[in-house]
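Observations on the model geometry
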Amino acid sequence: MKTRITELFGIEHPIIQGGMHYVGFAELAAAVSNAGGLGIITGLTQKSPQKLASEIARCRTMTSKPFGVNLTFLPSLTPPDFPGYVQAIIDGGVKVVETAGNNPQKWLPALKAHGIKVIHKCTSVRHSLKAEAIGCDAVSVDGFECGGHPGEDDIPNFILLPRAAEELKIPFVASGGMADGRSLVAALALGAEGINMGTRFIATKEAPVHDNVKQALLKATELDTRLVMRPLRNTERVLVNAAVERILEKERTLGANLKFEDIIKEVGGVYPRVMIDGDMDAGAWSCGMVAGLIHDIPSCKELIDRIMREADTLITKRLAGFMR
Ligand SMILES: Cc1cc2nc3c(=O)[nH]c(=O)nc-3n(C[C@H](O)[C@H](O)[C@H](O)COP(=O)(O)O)c2cc1C
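The rules behind the values
- Residues numbered from 1 in each chain as written.
- Predicted model: local features only at pLDDT ≥ 70, side-chain atom pairs only at ≥ 80, totals over all residues.
- Domains from an automatic or database assignment.
- Nonpolar A, V, L, I, M, F, W, Y, C, P; charged D, E, K, R; others polar.
- Near = placed C-beta within 6 Å.
- Helix = DSSP H or I, 4+ residues; strand = E, 2+ residues; numbered from the N terminus.
- Core = buried A, V, L, I, M, F, W, Y, C linked by C-beta atoms within 7 Å.
- Buried ≥ 20, exposed ≤ 12 C-beta atoms within 10 Å, placed from the backbone.
- Axes fitted to C-alpha atoms, helices over the stretch in contact; angles between N-to-C directions.
- Parallel < 35°, antiparallel > 145°, perpendicular 65-115°, else oblique.
- Left-handed = near helix turned anticlockwise from the far one by under 90°.
- Contact = placed C-beta atoms within 7 Å.

Let's talk about the domain arrangement of the protein chain
- Structurally, the protein chain comprises domain 1 (4-205) and domain 2 (221-286).
- Spacing between the C-alpha centres of domain 1 and domain 2 amounts to 24 Å.
- Here the residues of the side of domain 1 that touches domain 2 sort into four nonpolar, five polar and one charged.

Here is the structure:
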């Protein structure tokens, strides 16, 4: 399959693995890239620019295919050393950066000067247009279904993607709720030129997370995610667990008075405990509604090959069969 996304990133299949905190290590990024998609290392999971540099170098030993690095700009009392991370990306010869969380404009000149393509993740048409206007090469349009931060507009992909297609000139991928060949074909029909998957890639053989996390995804249905931190305008879609129930109870009782400090125990420092230790009740961790469509733990190659095979059959048999 050839789309503007496969051409832009020099990849075989229009499938991207979105940055995921404590999941997007070199093992997963390399496995996705080796399978013909675009794997992405999560920059800020590496605690310093030096650590990111060695993670990039480690990924290079596992794949000769293109891979990217995610840079998430979230509000923080002690901001990470972003200039250092950007330099590590440039020095590491990485050719794709996935930005998210905030406007990446400040970092574009340095990235562009080194021929790095930037795909910005947005949850609205207006932010996508802004990304286009400041010179991003592509957009990842993240619908309300997505795991992680869906924004505050709550527009699902059946509306968001065709709206993006109406307005954008640069290519975009559909993100949020993508799992299989049906997702890919639907995304293409709605105007996207590929898909970005997060949650689905956690339940793969190569995802370097505790088996408890993969089993939790197998067990979960589409009814098992919750939105937390809405009163803080930092909404996150997470898998329900005891900690999430506690957050929701605090949100109900404190209402508009809720402060970040009230839930810090349930959201701070949670990822290593969940992803590495397998402590599934340690706190709130991102998960998409797409968990309901995850029924197995294939390798990244099996997953991507299956998606492309299904998409081919859907387009050439099922859809073509409807035409008279
Ligand atoms: C466990 C987990 C951690 C994530 N961490 C990040 C992150 O650090 N930065 C980011 O930009 N997106 C992050 N995301 C969002 C994904 O990159 C992707 O946009 C999202 O998962 C797409 O929705 P899906 O889960 O329905 O596929 C995370 C998602 C999950 C499930």
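Considering the site of the ligand
- Surveying the vicinity of the ligand reveals 29 residues, the closest of which are Gly-18, Ala-100, Gly-147, Gly-198 and Gly-288.
- Mapped onto the shell around the ligand, the elements with two or more residues apiece are β3 (67-72), β8 (195-197) and α9 (199-202).

Here we look at the nonpolar core
- If you look at the biggest cluster of nonpolar residues, it comprises 94 residues, and the most contacted ones within it are Ala-29, Ile-41, Val-97, Ala-187, Ile-195 and Ile-202.
- For this core, the two domains that each supply at least three residues are domain 1 (4-205) and domain 2 (221-286).

A closer look at the packing of helix α2 (residues 26-34) against helix α3 (residues 49-62)
- Contact geometry for α2 and α3: axes closest at 9 Å, N-to-C directions at 40 degrees. Looking at the two axes, α2 sits oblique to α3. The hand of the α2/α3 crossing is right-handed. Along its contact with α2, which presents Ala-26, Ala-29 and Ala-30, the element α3 presents Glu-55, Arg-58, Cys-59 and Met-62.
- Tallied by class, the residues present in the contact of α2 with α3 amount to five nonpolar, no polar and two charged.

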